[in-house]
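Descriptive analysis of the structure
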Amino acid sequence: MTTLSVNGETRVIGIFGHPIAHTRSPAMHNAAFRALSLPYIYIPFAVSPSALGKATSSIRSLNLVGVNVTVPHKEKILRYLDELSPAASLYRAVNTVINRHGSLYGENTDGQGFLRSLAERRRSVRDREVVLIGAGGAARAVLVALIQAGSAQITITNRTQANAKKLIRTYQSLGPTRLVAASLDALQDPAHLKRAALVVNSIPLGLHDATFPALDYGATPRRCLFYDLVYRPQPGVFLQRAHHAQRPTLDGRRMLLHQGALAFELWTGHPAPLRVMSSALTRSLTVPA
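Residues numbered from 1 in each chain as written. Predicted model: local features only at pLDDT ≥ 70, side-chain atom pairs only at ≥ 80, totals over all residues. Heavy atoms only, no water.

1. A short note on the nonpolar core
Core analysis: the biggest nonpolar cluster contains 32 residues, and Phe 114, Leu 143, Ile 154, Leu 198, Val 200 and Tyr 227 have the highest contact counts within it. If you list the elements that add at least two residues to this core, you get α4 (110-120), β7 (129-133), α5 (137-148), β8 (153-157), α6 (161-171), β10 (196-201) and β11 (225-228). Residues within four places of Leu 143 in sequence aside, it is in contact with Leu 132, Ile 154, Ile 156, Leu 167, Tyr 171 and Leu 179. Residues Ile 20, Met 28, Phe 33 and Ile 98 belong to the second largest nonpolar core, which totals 22 residues. (Core = buried A, V, L, I, M, F, W, Y, C linked by side-chain atoms within 4.5 Å. Buried < 20%, exposed > 50% of the residue type's maximum accessible area, 1.4 Å probe, protein only. Helix = DSSP H or I, 4+ residues; strand = E, 2+ residues; numbered from the N terminus. Contact = heavy atoms within 4.5 Å.)

2. A closer look at the side chain of Asp 251
Looking at the secondary structure, you find Asp 251 in strand β12 (residues 249-251). Within polar-contact distance, the side chain of Asp 251 engages the side chain of Arg 253 at 3.1 Å. Residues contacting Asp 251, with those up to four places away along its chain left out, are Tyr 227, Asp 228, Val 230, Arg 232 and Leu 239. (Polar contact = N/O pair within 3.5 Å; in protein donor to acceptor, adjacent residues only side chain to side chain.)

3. So, the packing of aromatic side chains
The final tally for this structure, using the stated rule, is nine aromatic pairs. Summarising the aromatic geometry, the rings of Phe 33 and Phe 264 are spaced 5.6 Å apart at their centres and angled 25° between planes, so their arrangement reads as stacked. Residue Phe 33 is found in helix α1 (residues 25-35), and its partner Phe 264 is found in helix α9 (residues 253-268); the two are separated by 231 residues along the sequence. Of the two residues, Phe 33 and Phe 264, neither departs from the other in class, the shared state being buried. (Phe/Tyr/Trp six-rings, centres within 6.5 Å; stacked < 30°, edge-to-face > 60°.)

4. A few points about the sheet that holds β11
Spatial strand order, β9-β8-β7-β10-β11-β12: six strands in an open sheet with parallel pairing. Whereas interior strands pair on both sides, the edge strands pair on one side only; in this sheet they are β9 (178-182) and β12. Each strand axis lies, on average, 15° off the axis of its neighbour in the sheet, ignoring direction. Pairing between β7 and β8: five bridges, direction parallel. By the bridge assignment, Val 131 is partnered in β8 with Thr 155. (Pairing = 2+ DSSP bridges. Axes fitted to C-alpha atoms, helices over the stretch in contact; angles between N-to-C directions.)

Now the structure itself:
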């Protein structure tokens, strides 16, 4: 693997977030640039909400190739962009910006990244039932992807049912998938779990947070996959309890990998070196952020 060098021909790609110190994306992308000897460098930018407009404009003025966008900017950045992809328009959120000769194009690769991570595990959600925990921005991208992939039913459980119902109103016409809003108490009701092929957690709780909603893991089929969208060095309580119940588990690092690979290809025009990016991501998670 070649050494990443910086010179007058180096092009800059970054990530906007607040806070941003925890991000693992620079390790993943810079390893990919080195592996392919590409003249790019990936840098984290701590962008406060009040500075988002100026920061987005700087993509043009500094001639950046583009940026990733993470919390809390995924929705608010839309107003500063020139054009949105169909996916970004549908999600009303952007995680990737491409600078097209001064025109800023917003894309969202989260949904496809999620589906690719499932495909790796040979998991299909077509005609299957899914339980989705949470109704925030991360849940929305997953919800749309699941509908487009042909899920039979998605039960959205959330502390505030009004937010789950709002998601349903927004996306119920997207496909024939049956959408159900429920309280977190539904996670203890076998009627909502007994046919689930997938349970997805989108609530960003802490590693040892014992306040995670009670869930009857044993009520799910033995092959039901428990998927935590959060990525971290060690599994959180959601996955720990699923593992104890002898259910298969998956965390968000594979989704991060695949959404990042899609962004890499949009910026560079080169196929992403997935193995290199995966190894770099794994190594980065062994070092405290």
